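Coordinate inspection notes
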Amino acid sequence: MSSEVPPGREHLYINVEPVEHPVAAAQEADASDAAQRYTRCVIRGPLFGIASQEAGGGHRWQVVTPVTCGYPQDARDRLNSALWFRAKDDTDDRAVRRELLAAVARLETEAVDEVTAAGTRYRVVRCEEIVYSNGDGPEPPRPTDPEPVVRDWELGTRDPEIDVGFVIDHIAAASVMEASERLALMGLHYRSPRYPAAVRADSRRALRTHAGTVLLPTGYRVLERTATGWEPASAVLPSPHAARRALVHILTWLWPATSAMQGAELPEARRAGYERAAAEFRAAGDANAARLDDGRELRLVRMRRLVRIGPDGPEGPRPSDEEENGEGPTRIHPAMDEDGTITYED
């Protein structure tokens with residue numbers, strides 16, 4: 001970055017470095033091809049997580065909890081737990097534990113989007129989840145997207161959490177295609193009149209207050225085609241194979257279990273059809289879609305998540321962002337004192 005960049009404007013600059021490694025070069029070529037094939041960008045809506053900034057850390061923020069929560073309060077609750085367990089397990093310093101527990105106490109009673117404890121700032125970070133598409137539908141995983149070395153199909157397998165440890169650094173070197181994507185998304189905002197006026201106004205305002213952009217690690221979802229479009233059938237997952245495993249799980253366990261809980265057992269023929277579709281999908285190894293006898297369709301989709309950056313770092317929740325009905329700050333863990341003694345109450 002040029003030394004002539006005006007202070008407070010650093011978030012508007014992107015450092016670009018051509019890639020040299022053969023794998024990175026293949027990914028660049030893949031990204032270039034996808035940019036020409038999938039030209040429509042659809043905003044799915046906001047997601048939330050927690051990032052932290054150490055004292056003296058400059059402009060860098062590190063993701064603490066995945067930016068995958070559907071509501072700001074979900075992210076605040078995750079921060080509440082993270083700080084409580086840090087106080088319980090990660091320090092013997094009474095002063096540090098006092099600070100951590102003071103932050104926990106605030107999060108139990110206030111819907112705050114930033115707290116500072118033991119020299120670290122913690123912030124609820126907002127991202128925009130987007131998907132690229134064309135006339136054939138949303139973009140599937142790319143051939144060069146990373147896959148696990150061992151493709152485990154066991155439904156109990158725990159995948160690495162997406163985002164954790166990722167550094168939000170808007171002036172870190174970016175490849176040509178990543179820089180181009182970030183630049184192209186700078187003006188992304190809600191335009192459709194189907195969104196409330198307050199949502200559209202906040203979105204336009206963010207173009208001024210948080211004009212910079214950073215892309216989080218690519219995520220993957222299973223989406224289901226519905227009468228109104230493509231709807232999520234899984235969480236945001238860290239790899240295409242994790243999403244494939246989730247698709248099999250949906251067909252062989254989740255949908256039958258959901259029907260049973262709703263008091264409507266799946267007809268045996270339909271259950272068998274789901275199991276057959278799951279077996280065929282799994283046998284294909286790297287399939288990206290499953291079409292079922294009853295007309296339902298599931299598809300693996302490549303999701304991008306955009307964090308907007310302002311002079312003071314990543315954007316937090318907007319006033320128009322929805323909170324889950326009836327959910328607010330609450331006590332999640334038992335009381336703890338500065339010595340680490342936990343009091344379990346009735």
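Residues numbered from 1 in each chain as written. Predicted model: local features only at pLDDT ≥ 70, side-chain atom pairs only at ≥ 80, totals over all residues. Heavy atoms only, no water.

1. A closer look at the environment of Leu47
Under the convention used in this document: Segments assigned H or I by DSSP are reported as helices when at least four residues long, segments assigned E as strands when at least two residues long, and all are numbered from the N terminus. Three exposure classes are used, based on accessible area relative to the maximum for each residue type with a 1.4 Å probe and protein chains only: buried under 20%, partly exposed in between, and exposed over 50%.
Looking at the element boundaries, Leu47 is found in strand β1 (residues 40–54). Assessed through its relative accessible area of 4%, Leu47 is described here as buried. Spatially, the C-alpha atoms of Leu47 and Arg76 are 12 Å apart, while their sequence positions differ by 29 residues.

2. Details of the environment of Ile171
Note on placement: Ile171 falls in the loop between β6 (167–168) and α4 (176–185). The exposure class of Ile171 is buried, given its relative accessible area of 16%. With 155 residues separating them along the chain, Ile171 and Val16 place their C-alpha atoms 9.1 Å apart.

3. What to know about the packing of helix α1 (residues 22–37) against α4
Counted only if it meets this: Between the N-to-C directions of two axes lies an angle of 0 to 180 degrees, each axis being a line fitted to C-alpha atoms and, for a helix, fitted only over the stretch in contact. Any pair of residues with heavy atoms lying within 4.5 Å of one another is described as a contacting pair. Following the grouping adopted for this structure description, the nonpolar residues are Ala, Val, Leu, Ile, Met, Phe, Trp, Tyr, Cys and Pro, the charged ones are Asp, Glu, Lys and Arg, and the polar ones are all others, Gly among them.
Between α1 and α4, whose axes approach to 9 Å, the crossing angle comes to 35 degrees. The segment α1 lies against α4, with Glu28, Ala31, Ser32 and Ala35 engaging Val176, Met177 and Glu178. Classifying every residue of the contact of α1 with α4 gives four nonpolar, one polar and two charged.

4. As for α1
So the rule is basically this: Residue count minus one, scaled by 1.5 Å, sets the expected span of a helix. By arc we mean the arc of the directions from the helix axis to the C-beta atoms, nothing more.
With 16 residues, α1 ought to run about 22 Å at 1.5 Å a step, and its terminal C-alpha atoms sit 23 Å apart, in line with that. All of the buried residues in α1 are Glu28, Asp30, Ala31 and Ala34. Along α1, the residues classed as buried sweep out an arc of 165 degrees about the axis, all on the same side. Among the exposed residues of α1, those pointing more than 90 degrees away from its buried face are Pro22 and Gln36. Of the surrounding elements, those touching the buried residues of α1 are α4.

5. Focus: the packing of aromatic side chains
Under the convention used in this document: Pairing of aromatic side chains here covers Phe, Tyr and the six-membered ring of Trp, requires ring centres within 6.5 Å, and sorts the geometry by plane angle: under 30 degrees stacked, over 60 edge-to-face, intermediate tilted. A ring has a charge above it when a Lys NZ or an Arg CZ is no more than 6 Å from the ring centre and no more than 35 degrees off the ring normal.
Inspection of every chain in the model, using the stated rule, returns three aromatic pairs. An angle of 85 degrees between the planes, with centres 5.0 Å apart, marks the rings of Trp84 and Phe85 as edge-to-face. Between Arg296 and the ring centre of Trp255, over which it is positioned, the NZ or CZ distance is 3.5 Å.

6. Quick look at the pairing of strand β11 (residues 297–310)
In plain terms, the rule: Strands pair, by our definition, only if DSSP identifies at least two bridges between them.
For β11, the buried fraction is high: 14 of the 14 residues fall into the buried class. Side-chain alternation along β11 places Glu297, Arg299, Val301, Met303, Arg305, Val307 and Ile309 on one buried face and Leu298, Leu300, Arg302, Arg304, Leu306, Arg308 and Gly310 on a second face that is also buried. Examined bridge by bridge, strand β4 (residues 120–134) and β11 share four bridges and lie antiparallel to one another. Counterpart to Glu128 in the pairing with β11 is Leu306. Relative to β11, strand β7 (residues 212–215) runs antiparallel, the two being bridged by four bridges. Along β11, the bridge assignment pairs Gly212 with Ile309. Bridge analysis of strand β10 (residues 289–291) against β11 gives three bridges, and the strand direction is antiparallel. Along β11, the bridge assignment pairs Ala289 with Arg299.

7. What to know about the side chain of Arg126
The line we're drawing: For this analysis, a polar contact is any N or O atom pair within 3.5 Å, provided that within protein one partner can donate a hydrogen and the other can accept it, and provided that sequence-adjacent residues contribute only side-chain to side-chain pairs.
By secondary structure assignment, the location of Arg126 is in strand β4. Side chain to side chain, Arg126 and Glu128 meet in a polar contact 2.9 Å long. In this structure the side chain of Arg126 is engaged in a polar contact, spanning 2.9 Å, whose partner is the side chain of Asp321. For Arg126, the contacting residues outside a window of four places in its chain are Pro46, Leu47, Phe48, Tyr190, Leu306, Val307, Glu315, Gly316, Pro317, Arg318 and Asp321.

8. Some points on the state of the cysteines
Rule in force here: By convention in this document, the label disulfide applies to cysteine sulfur atom pairs within 2.5 Å.
Overall, the coordinates contain zero disulfides when judged by the stated rule. Of the cysteine sulfurs around Cys69, a residue in no disulfide, the closest is that of Cys127, at 10 Å. Accessibility expressed as a relative area gives 0% for Cys127, which makes it buried.

9. Focus on the pairing of strand β2 (residues 61–69)
Here β1 runs beside β2; their pairing, made up of four bridges, is antiparallel. Paired with Phe48 across the two strands is Cys69, which belongs to β2. Pairing analysis gives two bridges linking β2 to β6, with the strands arranged antiparallel. Opposite Gln62, over in β6, you have Val167 as the bridge partner.

By themselves, these observations are geometric and do not establish any function.
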